[in-house]
Amino acid sequence: MPLNEESVLEAIKNRDEAAIARVIRAYSRLLWSVAGAVLRNIGSEQDAEECVADAFITLWEHPEKFDPRRGRLKTWLALVTRSRALDRCREIARRSAVSLEEAVLTDQMGLVDGIVRQETVRVLLAAIDALGEPDREILLRRYYYDQKPREIALALDLTVKQVGNHLYRTKRKLREAAAQ
């Protein structure tokens, strides 16, 4: 049975726990799939769970932020979840950027031709650290987390062509840095 969004929202504003429980039952599966799509190959199940919980908590604590004139409740909750998941991805990428696997990164980017000297790896990692956003995040998602360009585009709200262009320019910069 579909939710009557106006009555559910009014009940939530009146702190009716049964109303938020109905919303959770109705939309949990959708929000899990949204968070899972964004956090795929990056975040854990716990990260997805926290993003979904954050969306429901936001509705419970700030029901006035949802405007039924602008769209449906499930759409708003999906957008809140997606936003939380993107924030979590950025946080994870920042935390793990230092621990890049040197061989994986250099092999996959076609930079290895025989034995890679340590100096080249040091220069390459310094160049990666100097990259701006979204280039750095796209590079990490593609070569460290092994995400496909389509997944990256979805997670970062870009087109697949934009992701490809960023990767092309970034790899060119890194090759130039490694050649110096």
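A brief look at the structure comes next. (Residues numbered from 1 in each chain as written. Predicted model: local features only at pLDDT ≥ 70, side-chain atom pairs only at ≥ 80, totals over all residues. Heavy atoms only, no water.)

## Some details on the overall build of the protein chain
Quick reminder of the rule: Strands here mean DSSP runs of E at least two residues long; helices mean DSSP runs of H or I at least four residues long; both are numbered from the N terminus. Each residue gets one of three labels from its accessible area relative to the maximum for its type: buried under 20%, exposed over 50%, partly exposed in between, using a 1.4 Å probe on protein chains only. The contact definition used throughout considers only heavy atoms, calling two residues in contact when any of these lie within 4.5 Å.
When helices and strands are counted, the protein chain shows 9 helices and 0 strands. Order of helices (α) and strands (β) in the protein chain, N terminus to C terminus: α-α-α-α-α-α-α-α-α. Counting across all 180 residues of the protein chain, residues that qualify as buried make up 42%. Sequence-distant contacts in the protein chain: of pairs separated by 6 or more residues, those separated by 24 or more amount to 68%.

## Notes on helix 3 (residues 45-61)
Test applied: What a helix should span is 1.5 Å times the count of its residues minus one. Side-chain atoms alone can form a polar contact between residues adjacent in sequence; in general such a contact is a pair of N or O atoms within 3.5 Å, and within protein one must be able to donate a hydrogen while the other accepts it.
With 17 residues, helix 3 ought to run about 24 Å at 1.5 Å a step, and its terminal C-alpha atoms sit 24 Å apart, in line with that. Buried within helix 3 are the following residues: Asp47, Ala48, Cys51, Val52, Ala55, Phe56, Thr58, Leu59 and Trp60. If you check the start of helix 3, you find a side-chain oxygen 3.3 Å away from the backbone N of Gln46, and it comes from Ser44.

## Structural notes on the nonpolar core
Here is the rule we go by: Each nonpolar core is a collection of buried residues, namely Ala, Val, Leu, Ile, Met, Phe, Trp, Tyr and Cys, held together in the definition by side-chain atoms within 4.5 Å.
Among the nonpolar cores identified, the biggest contains 34 residues, and Ile12, Val23, Tyr27, Leu31, Leu59, Leu73 and Leu77 are the most heavily contacted of them. For this core, the secondary-structure elements that each account for two or more residues are helix 1 (5-13), helix 2 (17-39), helix 3 and helix 4 (73-96). Ignoring anything within four residues of it in the chain, the contact list for Ile12 reads Ala19, Ile20, Val23, Leu59, Trp60 and Pro63. With 13 residues, the next largest nonpolar core counts Ala127, Ile128, Leu156 and Ala177 among its residues.

## Considerations on the environment of Ile20
With respect to the helices and strands, the residue Ile20 is situated in helix 2. In the structure, Ile20 is positioned 40 residues away from Trp60 in sequence and 7.0 Å away in space, judged by C-alpha atoms. Apart from the residues within four sequence positions on either side, Ile20 is in contact with Ile12, Phe56, Leu59 and Trp60.

## What to know about the packing of aromatic side chains
Stated precisely, the cut-off is as follows: Pairing of aromatic rings covers Phe, Tyr and the six-membered ring of Trp, with a centre-to-centre limit of 6.5 Å; geometry is then stacked below 30 degrees between planes, edge-to-face above 60, and tilted otherwise. Two thresholds decide whether a charge sits over a ring: the Lys NZ or Arg CZ must be within 6 Å of the ring centre and within 35 degrees of the ring normal.
According to the stated counting rule, one finds 1 aromatic pair in the structure shown. Against the face of Trp60 rests Arg15, its NZ or CZ located 4.2 Å from the ring centre.

## As for helix 2
The condition is simple: For a residue, the bend is simply the angle between two axes, fitted respectively to the seven-residue segment ending there and the seven-residue segment starting there.
By the largest-angle criterion, Tyr27 marks the main kink of helix 2, which is about 55°. The set of residues buried in helix 2 consists of Ala19, Ile20, Val23, Tyr27, Ser28, Leu31, Val34, Ala35, Val38 and Leu39. N-capping of helix 2 is provided by Asp16, with a side-chain oxygen placed 2.9 Å from the backbone N of Ala18. Following helix 2 by one or two positions, Asn41 adopts a phi angle in the positive range, close to 65°.

## Details of the packing of helix 2 against helix 3
Selection criterion: In this analysis, axes come from line fits to C-alpha atoms, helices being fitted only over the stretch in contact, and the angle between any two N-to-C directions falls in the range 0 to 180 degrees. Orientation labels follow simple angle bins: below 35 degrees gives roughly parallel, above 145 gives roughly antiparallel, 65 to 115 gives roughly perpendicular, and whatever is left gives oblique. Here a crossing is taken to be left-handed if its near helix is turned anticlockwise relative to the far helix by less than a right angle, and right-handed if that turn runs clockwise. Amino acid classes used here: Ala, Val, Leu, Ile, Met, Phe, Trp, Tyr, Cys and Pro are nonpolar; Asp, Glu, Lys and Arg are charged; the rest, including Gly, are polar.
Put simply, helix 2 and helix 3 touch, their axes get as near as 9 Å, and they point 140° apart. Relative to helix 3, helix 2 is oriented oblique. Considering the relative orientation of helix 2 and helix 3, their crossing is right-handed. Residues Glu17, Ile20, Val23, Ile24, Tyr27, Ser28, Leu31, Trp32, Ala35 and Leu39 of helix 2 pack against Glu45, Asp47, Ala48, Glu49, Cys51, Val52, Ala55, Phe56, Leu59 and Trp60 of helix 3. In the contact of helix 2 with helix 3, the residues fall into 15 nonpolar, 1 polar and 4 charged.

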